[in-house]
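Structural characterization, general
Spelled out from the first residue to the last, the chains are:
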Amino acid sequence: MPLIMPILAKPAALKALKEARSILENVTPMKMNCGKLCDGACCKEDESGDNGMLLFPYEAELYKKPIEGFAYHLSDDDTLFKGGKRFVCEGSCPREHRPLACRLFPLRIAIAADDNGIDATAQAEIDPRAWICCPILEQGGLRAMSMDFKDAVKRAGEVLMENDYMLEALHNEQRLIDEMRQF
Ligand code: SF4
Ligand code: SF4
């Protein structure tokens, strides 16, 4: 694709991304601080020391400049789209700067479509990658989570799927999850 296309696409993609992040700004999986259940397990480093969250298209733009009080770095990661980035932090962050993937966790946005690939809808579902660390999944799963949170994940998905770049990343993630489920 000519370089000009991604540049022209940036404003609309960033608008969708910021709206999705904003929808999830103040909601959390449970009414209580669920980090007390697990001592913030999803924010801890794994053994490799290079875990982290996959950024959505153009989200790296929001982390180009250092953010005061927030230590992080970006690694190259093409899992969701070519030229993608993985966000690796040191386990604490100012809430307003959390990446979208952190705001969604332990849910994810699933895109469902009919057999012809049309009539797509966004749904909130448990992220199977959360099973390794998130106790909410053992304690009732979706039923244990706040309705506001589930609704916000779905609404964020509806906003994202209106943008081709975001929709492609969501489809690529879906393929990844489907492959994981085969094992
Ligand atoms: S691992 Fe689950 S329960 Fe623990 S802080 Fe993360 S989302 Fe909350
Ligand atoms: S950015 Fe914040 S919410 Fe996301 S993993 Fe790091 S500390 Fe946790």
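As the structure is a computational prediction, the values presented were derived from the model and not from experiment.

About the cut-offs
- Residues numbered from 1 in each chain as written.
- Chains lettered and ligands numbered in written order.
- Predicted model: local features only at pLDDT ≥ 70, side-chain atom pairs only at ≥ 80, totals over all residues.
- Heavy atoms only, no water.
- Near = heavy atom within 4 Å.
- Nonpolar A, V, L, I, M, F, W, Y, C, P; charged D, E, K, R; others polar.
- Phe/Tyr/Trp six-rings, centres within 6.5 Å; stacked < 30°, edge-to-face > 60°.
- Helix = DSSP H or I, 4+ residues; strand = E, 2+ residues; numbered from the N terminus.
- Patch = residues over 30% accessible without salt bridge, like charges linked within 9 Å, V, L, I, M, F, W, Y side chains within 5 Å.
- Areas by Shrake-Rupley, 256 points an atom, 1.4 Å probe, with all protein chains shown as cover.
- Salt bridge = Lys/Arg side-chain N within 4 Å of Asp/Glu carboxyl O.
- Buried < 20%, exposed > 50% of the residue type's maximum accessible area, 1.4 Å probe, protein only.
- Pairing = 2+ DSSP bridges.
- Expected span 1.5 Å × (residues − 1).
- Contact = heavy atoms within 4.5 Å.
- Polar contact = N/O pair within 3.5 Å; in protein donor to acceptor, adjacent residues only side chain to side chain.
- Core = buried A, V, L, I, M, F, W, Y, C linked by side-chain atoms within 4.5 Å.

The immediate surroundings of ligand 1 are formed by C34, G35, C38, C42, F105, P106, C133, C134, P135 and I136. Each residue belonging to the shell around ligand 1 can be placed in one class, and the counts come to nine nonpolar, one polar and no charged.

Take the packing of aromatic side chains next. Inspection of the entire model under this criterion finds six aromatic pairs. Taken together, a centroid distance of 4.9 Å and an interplanar angle of 25° make the contact between Y72 and F87 stacked. Within this pair, whereas Y72 is found in strand β2 (residues 72-76), its partner F87 is found in strand β3 (residues 85-89), the two being separated by 15 residues in sequence. Members of the aromatic cluster, each reached through a chain of ring pairs, are Y63, F70, Y72 and F87.

Before going further, it helps to examine a nonpolar patch on the surface. There is a patch of nonpolar side chains on the surface, built from I4, M5 and L8 and spanning about 310 Å² of accessible area. Within the secondary structure layout, M5 lies in helix α1 (residues 4-23). According to the relative accessible area criterion, M5 is partly exposed, its value standing at 41%.

Attention shifts here to the sheet that holds β3. Spatially, β1-β3-β2 is the arrangement adopted by the three strands of the open sheet, whose pairing is antiparallel. Each edge of the open sheet is held by one strand with a lone partner, namely β1 (53-54) and β2. Bridging between β1 and β3 involves two bridges; their strand directions are antiparallel. Counted as the bridge partner of M53 is F87 from β3.

Further remarks concern helix α5 (residues 164-181). An ideal rise of 1.5 Å per residue puts 26 Å on 18 residues; α5 measures up with 25 Å between its terminal C-alpha atoms. Turning to α5, its buried residues number three or more, namely M166, A169, L170, N172, E173, Q174 and I177. Elements in contact with the buried residues of α5: α1, β4 (107-112) and α4 (147-160). The opening residue of α5, the one whose side-chain oxygen lies 3.0 Å from the backbone nitrogen of Y165, is N163.

With that out of the way, let us pick up the site of ligand 2. Within the structure, ligand 2 sits among C43, F70, F87, C89, G91, S92, C93, R98, P99 and C102. Class assignment for the residues of the shell around ligand 2 results in seven nonpolar, two polar and one charged.

Attention shifts here to the pattern of salt bridges. Scanning all chains against the criterion turns up 14 salt bridges. Here K31 and D148 are joined by a salt bridge, their closest N and O atoms 3.3 Å apart. With K31 in the loop between α1 and α2 (35-38) and D148 in helix α4, this pair connects stretches of sequence that are 117 residues apart. When its relative accessible area of 70% is taken as the criterion, K31 is described as exposed. In this structure, R108 and E173 form a salt bridge, with 3.3 Å as the shortest nitrogen-oxygen distance. On the criterion of sequence distance, the pair formed by R108 in strand β4 and E173 in helix α5 is long-range, its members being 65 residues apart.

The next thing to look at is the nonpolar core. The nonpolar side chains of a soluble globular protein tend to be buried with one another. L24, F56, L100, I109 and L160 are the most contacted members of the largest nonpolar core, which totals 37 residues. The set of elements that each furnish at least two residues to this core consists of α1, α3 (100-104), β4, β5 (121-126), α4 and α5. Per-element accounting of this core gives the leading share, seven residues, to α1. Non-local contacts of L160, meaning those with residues more than four positions away in its chain, are made with A16, L17, A20, F56, L100, I109, M166, L167 and L170.

Let us look at unusual backbone geometry. Cis geometry is adopted by the peptide bond preceding P106, which originates at F105 and carries an omega value of 10°. Along the chain, the position of P106 falls in the loop between α3 and β4. A positive phi angle, close to 60°, is found at D39, a residue other than glycine. Its place among the elements puts D39 in the loop between α2 and β1. Assessed through its relative accessible area of 59%, D39 is described here as exposed. In this structure, Y58 is a non-glycine residue whose phi angle is positive, near 70°. In this fold, Y58 is placed in the loop between β1 and β2.

Interpretation in functional terms is not warranted from these geometric data alone.
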